[in-house]
Structure formats: structure tokens, C-alpha cells
Amino acid sequence: MEIGFSSKIGDFGLDIIEKVYRQKKQTVNILTHCNAGWLACIDWGTATSPIYKAHQKGVPVHVWVDETRPRNQGARLTAFELGEEGVPHTVIPDNAGGHLMQHGMVDLVIVGSDRTSATGDVANKIGTYLKALSAKDNDIPFYVALPSSTFDFSIEDGINQIPIEKRGLTEVSEIEGWTENGIQTVRLIPENCNVANFGFDVTPSRLVTGLITERGICEANKESILKLFPERGSAK
């Protein structure tokens, strides 16, 4: 990703947050999943970039931070970042997002993407798809912030063509945490249990409100994407 892309993503995403604030005139509650901040992408991150821009501009924001099991990138990384930046935030269990949406406690969802199809399907950390379904059911905007390098224009059908990594079993069967003696690992499940650990899932484009890129915001469909990136129209 080129220098400056994250900042530009933040500038375009800021417009979305400001629009919600103008309508609501109260703190904008944003839910995110996994870590797409400056620990992952230098200086601003992707999904966090609009949040940091809003906070620095004085727009009141609060972030619901999914813990993002089994690796807890939200609880460990995103929460750390937001704390360092002084952004109000609350860590929640992964399964709490739908409840918060049902009760009007989420105004906006912004997540990142590890790989995005030419048609706007988005592969992100496991659990993202469920948040998109909840957002759709509750009429809450669901945005994906991503640099253009994340697009794979050779893929048309993200669900069937994007390979999903199966990660180590101990990520699910064990958990790490801090104690006075340092980082400790404990077992969570009985011995000899079967474990499945899919690292990512794919959110279909129909559930995505828009894609926030360094060139602007587009709809999650091939025609709209190519209007921002016309040079990729001949990509195979």
C-alpha cells in the first residue's frame, strides 16, 4: 500500500461519520471487527482512519470493539490503538453486535478487508459476515475501508473463489492472557475435542453499503468499482 492511501481513506470516510453526526447531533457509535488500524497499516490504518480523522476534528465518536476471537485482535490491538489515540471505546463479546444494533446502539459499521473481488465481495476476519447480516437486518450502514491493493480483479465470485485459511487448532482450544508473571496460556476445551478454525469469511456485496478507498467511495459492484479504477477494466 502506498504512503498516503490510509490518510485518504480516512478523509473520505470522515464525510460519512460527519453526515451521521449532523443528522443525530449526538455521539456517533461505530462498530468494527478485528484490527485494521495503524498496527496493521501505517499511520492511520484503514477502518480506523475515518474514526481517527473524526476524533481529531472534534466529532464525538465511540467505538464498539469486537474482541475478535479466537486471536482477539480487537481486544488486544484495536482497543490498545484507540486508547493510545484517546478515542472512547468499549470492548464487547463478538456475539453482542446484533443485540446492540437491535437496540439502536450502533449507527455505523466500518471494517477492513484482506481481499476484495472485482464484484465487491469482501473477505475479512471470521465473523464479519455475521455483523453484515445484523447490520442489513437493522438498516445500519455497513462500510468496508480498503486500499486499492486489496482488490483482486481476477476474482468475480468471492464466496466460491477466495480461499479461506484454516488456522492452528490451539488458537481455539487455548487462550492467552496477561498475569503478574507475564503472558500465560490456558486450555479452554476438554481434551480430544475436535476443533475447526477458519480464519476468514466472505461478506457478499449485497450486504455492503459502500467501499471506502483512497480514490473515493463506491458501491460494492463491478461497474461502480471500475468507475474509480478504470485502468483495471481489462484485468483478467
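Residues numbered from 1 in each chain as written. Predicted model: local features only at pLDDT ≥ 70, side-chain atom pairs only at ≥ 80, totals over all residues. Heavy atoms only, no water.

Asker: Which parts of the structure should I look at to understand the overall build of the protein?
Answerer: When its secondary structure is counted, the protein shows 8 helices and 13 strands. In terms of overall dimensions, the protein is globule-like: its C-alpha atoms have a radius of gyration of 18 Å, near the 18 Å expected for 236 residues. For the C-alpha atoms alone, the extent of the protein along its principal axes is close to 55 × 45 × 35 Å. When the 236 residues of the protein are sorted by exposure, 50% land in the buried category. Relative to all contacts within the protein whose residues are 6 or more apart in sequence, the contacts with residues 24 or more apart total 76%. Here the protein contributes 23 positively and 30 negatively charged side chains, and the mean placements of these two sets differ by 4 Å. (Helix = DSSP H or I, 4+ residues; strand = E, 2+ residues; numbered from the N terminus. Rg over C-alpha atoms; globule rule 2.2 N^0.38 Å. Buried < 20%, exposed > 50% of the residue type's maximum accessible area, 1.4 Å probe, protein only. Contact = heavy atoms within 4.5 Å. Lys, Arg positive; Asp, Glu negative; His and termini not counted. Charge placed at Lys NZ, Arg CZ, Asp CG, Glu CD.)

Asker: So what exactly am I meant to see when it comes to the pattern of salt bridges here?
Answerer: Side-chain pairs of opposite charge can arise where the charged atoms are in close proximity. Counted by the stated rule, this structure contains 13 salt bridges. A salt bridge links D66 to K131; the shortest N-O distance between them is 2.5 Å. Of the two residues, D66 is situated in strand β2 (residues 61-66) and K131 in helix α5 (residues 128-137); the sequence distance between them amounts to 65 residues. One exposure class covers both D66 and K131, and it is buried. Between D152 and R115 there is a salt bridge, with its nearest N and O atoms 2.7 Å apart. On the criterion of sequence distance, the pair formed by D152 in strand β8 (residues 151-152) and R115 in strand β5 (residues 115-117) is long-range, its members being 37 residues apart. Residues joined in a network through salt bridges with shared partners are R71, E165, R167 and E171. (Salt bridge = Lys/Arg side-chain N within 4 Å of Asp/Glu carboxyl O.)

Asker: Could you clarify how one ought to interpret the pairing of strand β9 (residues 174-179) in this entry?
Answerer: Along any regular strand, the residues point their side chains to alternate faces of the sheet. Of the pairings in the sheet, the one linking β9 to strand β10 (residues 182-187) comprises 6 bridges and is antiparallel in character. Residue pairing across strands places E174 opposite R187, the latter belonging to β10. The turn joining β9 and β10, which pair antiparallel and follow one another in sequence, is formed by 2 residues. (Pairing = 2+ DSSP bridges.)

Asker: I tried to follow the packing of aromatic side chains on my own but got confused; where do I start?
Answerer: Any pair of aromatic rings gets described here by the distance separating the centres and the angle formed by the planes. A complete count under the given rule lists 2 aromatic pairs for this structure. Judged by centre distance (5.4 Å) and plane angle (35°), the ring pair of F151 and F153 falls under tilted. One aromatic cluster is present, built from ring pairs that chain together F151, F153 and F229. The ring of F200 has K125 lying over it, and the distance from NZ or CZ to the ring centre is 4.4 Å. (Phe/Tyr/Trp six-rings, centres within 6.5 Å; stacked < 30°, edge-to-face > 60°. Lys NZ or Arg CZ within 6 Å of the ring centre and 35° of its normal.)

Asker: What am I meant to see in the sheet that holds β8 here?
Answerer: Pairing is mixed across the open sheet formed by 4 strands, whose spatial order is β8-β5-β6-β11. Lying at the two open borders of the sheet, with one neighbouring strand each, are β8 and β11 (200-203). When β5 meets β8, the two strands line up parallel, connected through 2 bridges. By the bridge assignment for β8, T116 is matched with F151. Of the strands in this sheet, β6 (122-125) and β11 are in contact with α5, which crosses β11 at around 30°. (Axes fitted to C-alpha atoms, helices over the stretch in contact; angles between N-to-C directions.)

Asker: How should unusual backbone geometry be read in this particular structure?
Answerer: Excluding glycine, a negative phi dihedral is what most residues carry, and trans is how most peptide bonds are arranged. Omega for the peptide link from R69 to P70 comes to 10°, which places this bond in the cis form. Following the sequence through the fold, P70 ends up in the loop between β2 and α3 (73-85). At K25, a position not held by glycine, the phi torsion is positive, near 60°. Turning to its location among the elements, K25 is positioned in the loop between α1 (5-24) and β1 (28-32). The exposure class of K25 is exposed, given its relative accessible area of 64%. Positive phi, close to 70°, is recorded for C34, a residue that is not glycine. By the element assignment, C34 lies in the loop between β1 and α2 (49-57). For C34, a relative accessible area of 9% corresponds to the buried category.

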